[in-house]
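Coordinate analysis (summary)
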Amino acid sequence: SVGSSKVWNEDTSSSNLTPRLQKVRKNYLSMNKYNVAYNGPRNAVKLSPEKLLCQLQDRVNVTMVQRSDGPFNTSDWHRYLPRRNISGEVGHLGRCAVVSSAGSLKSSRLGPEIDSHDAVLRFNGAPTKGFLNDVGGKTTLRLINSQLVTVEDQHFLTETLYNTGILIVWDPAPYHAEIHEWYRKLDYDFFKNYKQYRNRYPEQPFYILNPKMQWQLWDVLQENSVEDIQPNPPSSGLLGIVIMMTLCDEVDIYEFLPSKRQTDICHYYQRFHDRACTMGAYHPLLFEKNLVKHMNRGTDEAIYTHGKVTLPGFRNMQC
Ligand code: C5P
C-alpha cells in the first residue's frame, strides 16, 4: 500500500512553500484587496471530517443569480438570465467528476474513468479535444471566471469549446458584500460579454454564480486553518467542488490533490511551468487542499495513482 508520506499532507503549512510563494502570500495578506475583516473563531482542535462536511452544507449557500435578486430585477436582465433553475436543468445527478486542470493529468489515462460519471465539471479554458485519453470527452458543466469572459484575448465569444455543457461564471466580490455592492464593484466587468454570448447562444444554459457563496466558503476555510489564509476568494477548483456537492450524490475529484504525476506544469493543456498553480498564490489553494484532504472518503492509494478524492453529495449526509 501507499505510504501517507507520498500524498498531500493535510497539515501542510505556508512554511512548506518556496520563499517566493511565501512572499506572495504575505503580500496578499497586507494588500487585503477585498476588505476582509474576519473575526470568527479558529478551531484549535480539528473538526471531524463529518462535522466539517456538515459545516459546509449548513453555511455555504450555493445559488445562481435569479431574476428576483435586487439589481437583476429589470426587464433587460429578464431577457438574459436563464429561465430554469440549475437543479431543474441538470436533474438528479448520481456520480459526478470534477476535473482540475493540473499538469499532472497529462499521461494519466483517466479519460474513460472520468467519462463513466453521470456528469463532468471542467474549468475555464480546459479542452477535451486532443486530450480524450487523459481527461475524457464529456463536459456537463463548465465553471469559468469573469476574467476569461471579459478579457478579449481569451476569445470567449468565438472559441467553440465553450459551446458544450452548462456554463457558470463567477466574479470575486468584496468581503460579504450585498449583491448590489458587488454589482457596482465587479472585479471584471463581464456583463457586456455575458449578454452578447447569451444573444449568440440563447439555447445554452449560462448561469451567474451568486457571489455570497465565495466568502461563506472562505470563512469555513479560515476557521479550520491554523494560519491566516490569503484574503482572496477560493479557487475555481474549490468553488466547483462545492457546487457539485450540491447537485450530485457523490463527487470524485481528479488531480486537485496531486498524484504521483505531480509536476510544476501549470495546466495539462499548456507548457507553462509555475508551482503557484498547484500551491496557490492569489487563491488560498494550499488551505483548500488541506481541507479537501481532511474530508476525503477515498484512500491515499487512489490519490497516489489517480489523483482522486471522493466526497459525498450534501443530500447523502446525515447532519
Ligand atoms: O487554472 P484554473 O483556475 O483554470 O484551474 C482550475 C482549478 O484547478 C484551479 O482553480 C485549481 O483549483 C485547480 N488546479 C490545481 N493545480 C493546478 C492547476 C489547477 O489544483 N496545477
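Going by the structure above, here's the rest.
This is a predicted model, so every value here is computed, not measured.

Description of the side chain of Asp 69
- Position of Asp 69 relative to the elements: it lies in the loop between helix 2 (49–59) and helix 3 (75–80).
- Lys 212 provides the closest opposite charge to the buried, unpaired Asp 69, separated from it by 6.4 Å.
- The residues touching Asp 69, leaving out its near neighbours within four places in the chain, are Met 64, Ile 179 and Asn 210.

Description of the site of the ligand
- Around the ligand, the surrounding shell holds 15 residues, and the nearest of these are Asn 124, Ser 235, Cys 266, His 267 and Lys 289.
- Within the side chain of His 267, a nitrogen or oxygen atom sits 2.6 Å from an oxygen atom of the ligand.
- The protein chains hide 90% of the 440 Å² of surface that the ligand would expose on its own.
- Elements supplying a minimum of two residues to the shell around the ligand: helix 11 (236–247), helix 12 (276–279) and helix 13 (285–295).
- Here the residues of the shell around the ligand sort into six nonpolar, eight polar and one charged.

With respect to helix 11
- For helix 11, spanning 12 residues, the distance from its first C-alpha to its last is 16 Å, which sits close to the expected 16 Å at 1.5 Å a residue.
- Counted residue by residue, helix 11 has 11 buried out of 12 residues, so it is predominantly covered.
- Along helix 11, the residues classified as buried are Ser 236, Gly 237, Leu 238, Leu 239, Gly 240, Ile 241, Val 242, Ile 243, Met 244, Met 245 and Leu 247.

Quick look at the packing of helix 2 against helix 10 (residues 212–223)
- Helix 10 packs onto helix 2 with a crossing angle of 155 degrees between their chain directions and a minimal axis gap of 9 Å. Put simply, helix 2 runs roughly antiparallel to helix 10. In this structure, helix 2 crosses over helix 10, and the sense of that crossing is right-handed. Where helix 2 abuts helix 10, its residues Leu 52, Gln 55, Leu 56 and Arg 59 lie against Gln 216, Leu 217, Asp 219, Val 220 and Glu 223.

Definitions and limits used
- Residues numbered from 1 in each chain as written.
- Predicted model: local features only at pLDDT ≥ 70, side-chain atom pairs only at ≥ 80, totals over all residues.
- Heavy atoms only, no water.
- Helix = DSSP H or I, 4+ residues; strand = E, 2+ residues; numbered from the N terminus.
- Buried < 20%, exposed > 50% of the residue type's maximum accessible area, 1.4 Å probe, protein only.
- Lys, Arg positive; Asp, Glu negative; His and termini not counted.
- Salt bridge = Lys/Arg side-chain N within 4 Å of Asp/Glu carboxyl O.
- Contact = heavy atoms within 4.5 Å.
- Near = heavy atom within 4 Å.
- Polar contact = N/O pair within 3.5 Å; in protein donor to acceptor, adjacent residues only side chain to side chain.
- Areas by Shrake-Rupley, 256 points an atom, 1.4 Å probe, with all protein chains shown as cover.
- Nonpolar A, V, L, I, M, F, W, Y, C, P; charged D, E, K, R; others polar.
- Expected span 1.5 Å × (residues − 1).
- Axes fitted to C-alpha atoms, helices over the stretch in contact; angles between N-to-C directions.
- Parallel < 35°, antiparallel > 145°, perpendicular 65-115°, else oblique.
- Left-handed = near helix turned anticlockwise from the far one by under 90°.

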